[in-house]
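# Fold and contact review
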Amino acid sequence: MLASAVSATLGTYFYYLLLNTAAGNLPGIILLTTITTVLVVAPGALSTVYINERFQTGVRASGFGLGYSLAIILPAFFVFYQAWLANFMPFKYTVLVLVVIGALLIFVGAAWGPETKNVDFGSAPAPGDRDRS
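Residues numbered from 1 in each chain as written. Predicted model: local features only at pLDDT ≥ 70, side-chain atom pairs only at ≥ 80, totals over all residues. Heavy atoms only, no water.

### Notes on the packing of helix 4 (residues 78-85) against helix 5 (residues 94-112)
Our working rule: Note on geometry: axes are lines fitted to C-alpha atoms, helical ones only across the stretch in contact, with angles between N-to-C directions running from 0 to 180 degrees. Helix and strand assignments follow DSSP, with helices taken as H or I runs no shorter than four residues and strands as E runs no shorter than two, numbered in order from the N terminus. Oblique is the label for any angle not under 35 degrees, not over 145, and not in the 65 to 115 range, which are roughly parallel, roughly antiparallel and roughly perpendicular in turn. Each crossing gets its hand from how the near helix is turned against the far one by less than a right angle, where anticlockwise is left-handed and clockwise is right-handed. Throughout, a residue-residue contact means that at least one pair of heavy atoms, one from each residue, lies within 4.5 Å. Residue classes follow a fixed rule: Ala, Val, Leu, Ile, Met, Phe, Trp, Tyr, Cys and Pro count as nonpolar, while Asp, Glu, Lys and Arg count as charged, and any other residue, Gly among them, counts as polar.
Running from N to C, helix 4 and helix 5 cross one another at 120°; their axes reach a closest spacing of 9 Å. Relative to helix 5, the element helix 4 is oriented oblique. Here helix 4 and helix 5 pass one another in a crossing that is right-handed. Packed against helix 4, whose contacting residues are Phe-78, Tyr-81, Gln-82 and Leu-85, the element helix 5 presents Thr-94, Val-95, Val-97 and Leu-98 at the interface. A per-class count over the contact of helix 4 with helix 5 returns six nonpolar, two polar and no charged.

This is how it looks when you write it as structure tokens:
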């Protein structure tokens, strides 16, 4: 949740600076691109780990695959969202709105989901295993 809050604030701020950096300022562009990428992509990396933790070991691969794959369908249409937002603001800033929305969705998902910090998923029975006594 902290990473998504940082992404929504600092990530958006550095992305704004990047969008307004002169094209000839290559060192500035490289620095701002690196900072922006780290700040904006970090919640996505943590989300991948969290999705993996949400499933028992026996079904982890299928659960992760389904959860991760479904989660990227709506964001894949970002260009259409940007075109729609361009009706209300300059096109080059529409990506900032999407960064904030994405970070808010990650925050809500992390707050809504259960804590997995002290859960031992390895002790759960695999699917199909029953007490055979």
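Continuing now.
### Description of the packing of aromatic side chains
Two descriptors summarise a pair of aromatic rings, namely the distance from one centre to the other and the angle between the planes of the rings. Just so we agree on the cut-off: Between rings of Phe, Tyr and Trp, where Trp is taken as its six-membered ring, a pair exists when centres lie within 6.5 Å; planes separated by under 30 degrees are stacked, by over 60 edge-to-face, and by other angles tilted. When accessible area is computed with a 1.4 Å probe and restricted to protein chains, residues below 20% of their type maximum are described as buried, those above 50% as exposed, and intermediate ones as partly exposed.
Inspection of every chain in the model, using the stated rule, returns four aromatic pairs. Ring geometry for Tyr-16 against Tyr-93: centres 5.5 Å apart, planes inclined by 25°, an arrangement best described as stacked. Pair noted here: Tyr-16 is in helix 1 (residues 2-19) and Tyr-93 is in the loop between helix 4 and helix 5, with a separation of 77 residues, a long-range link. The partly exposed category is assigned to Tyr-16, whose relative accessible area is 38%. Aromatic pair Trp-84 and Phe-88: ring centres 4.9 Å apart, planes at 65°, arrangement edge-to-face.

### Structural notes on the environment of Tyr-68
The topology assignment puts Tyr-68 in helix 3 (residues 60-71). Residues Tyr-68 and Thr-48 lie 20 residues apart in sequence; the distance between their C-alpha atoms is 7.2 Å. Every residue in contact with Tyr-68, bar those within four places of it in the chain, is listed here: Thr-48 and Ile-51.

### Considerations on the side chain of Gln-82
Positionally, Gln-82 belongs in helix 4. For Gln-82, a relative accessible area of 9% corresponds to the buried category. Apart from residues lying up to four places away in sequence, Gln-82 is in contact with Phe-91, Thr-94, Val-95 and Leu-98.

### Some thoughts on the packing of helix 1 against helix 2 (residues 26-53)
Close contact between helix 1 and helix 2 brings their axes to 9 Å; oriented N to C, the two are set at 155°. It follows from the interaxial angle that helix 1 and helix 2 lie roughly antiparallel. Helix-helix and strand crossings are classified by hand; for helix 1 and helix 2 the assignment is left-handed. Side by side, helix 1 and helix 2 meet where Ala-3, Ser-4, Val-6, Ser-7, Leu-10, Gly-11, Phe-14, Tyr-15, Leu-17 and Leu-18 of the first sit next to Ile-29, Leu-32, Thr-33, Ile-35, Thr-36, Leu-39, Val-40, Pro-43 and Leu-46 of the second. Looking at the contact of helix 1 with helix 2 residue by residue, the classes come out as 14 nonpolar, five polar and no charged.

### Thoughts on helix 5
Going by this rule: Each residue after the first adds 1.5 Å to the expected span of a helix.
If you check helix 5, its first and last C-alpha atoms are 27 Å apart, about what 19 residues at 1.5 Å a residue would give, namely 27 Å. Among the residues of helix 5, those classed as buried are Thr-94, Val-95, Leu-96, Val-99 and Ala-103. Buried-residue contacts for helix 5 involve helix 1, helix 2 and helix 4.

### Points about helix 1
Condition: The bend reported for a residue corresponds to the angle between axes fitted to the seven residues ending at that residue and the seven starting there.
Helix length check: helix 1, at 18 residues, gives a terminal C-alpha distance of 24 Å against a target of 26 Å (1.5 Å per residue), a fit within 8%. The largest bend in helix 1 is about 30°, located at Ala-8. Every buried residue of helix 1 is listed here: Ala-3, Ser-4, Ser-7, Ala-8, Gly-11, Thr-12 and Leu-18. Here the buried face of helix 1 lies against helix 2 and helix 5.

Function cannot be read off these values alone, since they describe shape.
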